Amino acid sequence: MTIAQLDNFDFLERLHNVLKPSKPIDSIEQLWGRKKQLQELEVALHADGRHAFILGDRGVGKSSLAQTAAHLLQSSDNQPIIVSCDYTSTLTGIISAILNEALASIDISERSHKIAFKPPLLSFEFSEQLSNKPSLPEVIDPLTATMALDSLSKWHSEKTIIVIDEFDQMPDDQRKAFGVLLKQLGDKGSKVKLIFTGIGQSLDSLMDGHLSSFRQLHQVKLDVLPWDGRFKIIETAFNEFNIKLPEDIRYKIAGLSDGFPSYVHLICEKILVAAHFSDDPITEINFSLFLQALDDAINSVSEILRKSYDQATDGKPEYIHHILWAMADSADLIRSYEHITFSYSDIVNQLELEALDEDKFKKEFAKLRNKSYGCILKRAFDNRPGWFAFRENVIRGFIRMCAEKSNVQLDFERYFTAHTASARTVGTQRKYQPLTEVERNVEYLKRKD
Ligand SMILES: Nc1ncnc2c1ncn2[C@@H]1O[C@H](COP(=O)(O)OP(=O)(O)OP(=O)(O)O)[C@@H](O)[C@H]1O
Ligand SMILES: [Mg+2]
């Protein structure tokens, strides 16, 4: 039975119009929860000589914000230019890629002159091609790169926006050269704007390249997608097919995703596909369909993303899963050992299993920082023992999905460390002795009730 009597082709076309689990968003109509960051970029990039750097965890939505901002701020006479770095990239290579893309986007009319020689001379036709391609300086260093980029506002577009994506992939010395380039673009008063994306350290080396570059850079530290943004993606997808989604499943999708938008897209995609190919007509999603889709979503999370979880758990005892699920509990990205043990005992209670004793738990927990366990966890601070984090935050959403599939309920909203207890925690049966004053008060009030 298909959704709304759509054939497979029409269904998939409409599905991938609203859901894009593996492609950055580039239009403001589909970019949810980033209004403030977009506005700030608009204001910042309006200033002469200023560029932007979007930094954040893998998968958090950096490229989407960069590309949407680029389309929004680019002058209407052409498209923005988007290039991506890898570990072999160099300053000159990236500038050449930008220029090639710019050349490909302008209308180069080639004028052809044909000169014919007729008998009694030999029959011969000569054709000459003249083009109005701009002549560009050879790019060999930051100075020539500056000249080449600055020329874009003369032949590509009045206000050229360039996205340099995955800047962190580029070797350190090459990133430093971009610091010099930014300074020179600023000194020249160039109208060309650069938006970089990458992780934090890559910004540091850009700054090292020229210490005054920090004045030329607006920094956007991108956090996970807020809850309203997650709900918007879900709502748009299900409204497209007029399918009802119960509130508790909607909440689960948003919470399991941990704010990493690709997980929201992926779970919604799998639910809608399951509904479309279901034997029964579906107008409302039920829990068993959700679980089936969750299974499909887990299986299709890319190898690269799930690698550390697989390394940590493959061929290892079942309790390793439980320890990792405990680590993925709560809204805190950085967790104290004490809180993790609380989450762990809650999970084994839910599964009605016997918990590991304290020493055994400590030993097994420590192993998760070893290479043979994919180094999935790390110490959160160099100088404060007892605090831990996932090596890459994006894995947490995947681990939450695995826990949910095994019918383990995690608390997505509770901050153990932020002096607040989530509404949901207050309503649950957990008996953790709260640490903070606010939590102590909540417990006190609950007991009084
Ligand atoms: N604000 C948003 N609203 C809706 N969907 C989004 C949003 N941001 C990102 N996405 C979706 O999430 C996925 C990941 O986004 P994106 O590729 O921009 O992340 P990223 O931080 O650049 O990831 P990576 O570090 O892997 O390059 C994409 O499929 C995109 O469609
Ligand atoms: Mg990206």
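Residues numbered from 1 in each chain as written. Chains lettered and ligands numbered in written order. Predicted model: local features only at pLDDT ≥ 70, side-chain atom pairs only at ≥ 80, totals over all residues. Heavy atoms only, no water.

Within an unreviewed UniProt entry, the label attached to the protein chain reads Archaeal ATPase, and the organism entered is Photobacterium andalusiense.

A. Quick peek at the overall build of the protein chain. Secondary structure summary: the protein chain contains 18 helices and 10 strands in total. Counting contacts in the protein chain only where the partners sit at least 6 residues apart, residues at least 24 apart contribute 72% of the total. As displayed, the protein chain offers around 22,700 Å² of accessible surface, 50% of which is attributable to carbon and sulfur atoms. (Helix = DSSP H or I, 4+ residues; strand = E, 2+ residues; numbered from the N terminus. Contact = heavy atoms within 4.5 Å. Areas by Shrake-Rupley, 256 points an atom, 1.4 Å probe, with all protein chains shown as cover.)

B. Region of interest: the sheet that holds strand β7 (residues 217–222). One open sheet holds the five strands; their spatial order is β2-β5-β6-β1-β7, and the pairing between them is parallel. At either margin of the open sheet sits one strand with a lone partner, and together these are β2 (81–84) and β7. Strand after strand, the sheet turns through a mean of 15 degrees between neighbouring axes, direction not considered. Examined bridge by bridge, β2 and strand β5 (residues 161–165) share four bridges and lie parallel to one another. Paired with serine 84 across the strands is aspartate 165, a residue of β5. (Pairing = 2+ DSSP bridges. Axes fitted to C-alpha atoms, helices over the stretch in contact; angles between N-to-C directions.)

C. Expanded view of the nonpolar core. Among the nonpolar cores identified, the biggest contains 91 residues, and Phe238, Ile253, Ile285, Leu324, Leu368 and Ile376 are the most heavily contacted of them. Here the element with the most residues in this core is helix α10 (residues 261–276); it accounts for nine residues. Residues within four places of phenylalanine 238 in sequence aside, it is in contact with Ile243, Leu245, Cys268, Ile271, Leu272 and Ile285. (Core = buried A, V, L, I, M, F, W, Y, C linked by side-chain atoms within 4.5 Å. Buried < 20%, exposed > 50% of the residue type's maximum accessible area, 1.4 Å probe, protein only.)

D. Quick look at the environment of valine 408. Relative to the helices and strands, valine 408 is located in the loop between α16 (395–405) and α17 (423–427). As for valine 408 and leucine 351, which are separated by 57 residues in sequence, their C-alpha atoms are 7.3 Å apart. Setting aside anything within four residues of it in sequence, one finds valine 408 in contact with Trp325, Ile347, Gln350, Leu351 and Ala403.

E. Highlighting the site of ligand 1. As a structural note, the neighbourhood of ligand 1 is formed by 23 residues, with Lys20, Lys23, Trp32, Ser63 and Ser64 the closest of them. In the model, an oxygen atom of ligand 1 is placed 2.7 Å from a nitrogen or oxygen of the serine 63 side chain. Protein contact buries 88% of the 630 Å² of open area that ligand 1 shows by itself. For the shell around ligand 1, the elements supplying multiple residues, two or more each, are α3 (62–73) and α10. (Near = heavy atom within 4 Å. Polar contact = N/O pair within 3.5 Å; in protein donor to acceptor, adjacent residues only side chain to side chain.)

F. Up close: the sheet that holds strand β10 (residues 387–390). The strand order across the open sheet built from three strands is β8-β10-β9, with neighbouring strands paired in antiparallel fashion. Looking at strand neighbours, the two that pair on one side only are β8 (335–336) and β9 (377–379), the edges of this open sheet. The pairing of β9 with β10 spans three bridges and is antiparallel. The partner of arginine 379 across the bridge, within β10, is phenylalanine 388.

G. Structural detail: unusual backbone geometry. Its identity is not glycine, yet asparagine 242 carries a phi of approximately 60 degrees, on the positive side. Tracing the chain through its elements places asparagine 242 in the loop between α8 (227–240) and α9 (247–256). If you check the backbone angles, serine 330 has positive phi at about 75 degrees while not being a glycine. Within the element layout of this structure, serine 330 appears in the loop between α13 (318–327) and β8.

H. Here's a closer look at the packing of aromatic side chains. A complete count under the given rule lists 20 aromatic pairs for this structure. For the ring pair tryptophan 227 and phenylalanine 231, a centre distance of 5.9 Å and an interplane angle of 50 degrees mean the geometry is tilted. Remark: phenylalanine 231 and tryptophan 227 occur in helix α8; sequence separation between them is four residues, near one turn of the helix. Tryptophan 227 gets classed as partly exposed once you look at its relative accessible area, which sits at 23%. Between arginine 335 and the ring centre of phenylalanine 416, over which it is positioned, the NZ or CZ distance is 4.9 Å. The ring of phenylalanine 381 has arginine 384 sitting right over it, with the charged end atom 4.9 Å from the ring centre. (Phe/Tyr/Trp six-rings, centres within 6.5 Å; stacked < 30°, edge-to-face > 60°. Lys NZ or Arg CZ within 6 Å of the ring centre and 35° of its normal.)

I. Spotlight on the packing of α13 against helix α14 (residues 337–351). Two elements in contact, α13 and α14, have axes whose closest approach is 8 Å; the angle formed by their N-to-C orientations is 125 degrees. The angle between α13 and α14 places the two elements in the oblique class. Considering only the axes of α13 and α14, their crossing is right-handed. For the pair α13 and α14, the contacting residues are His322, Ile323, Trp325, Ala326 and Met327 in the first and Ile340, Ser343, Tyr344, Ile347, Val348 and Leu351 in the second. Class assignment for the residues of the contact of α13 with α14 results in nine nonpolar, two polar and no charged. (Parallel < 35°, antiparallel > 145°, perpendicular 65-115°, else oblique. Left-handed = near helix turned anticlockwise from the far one by under 90°. Nonpolar A, V, L, I, M, F, W, Y, C, P; charged D, E, K, R; others polar.)

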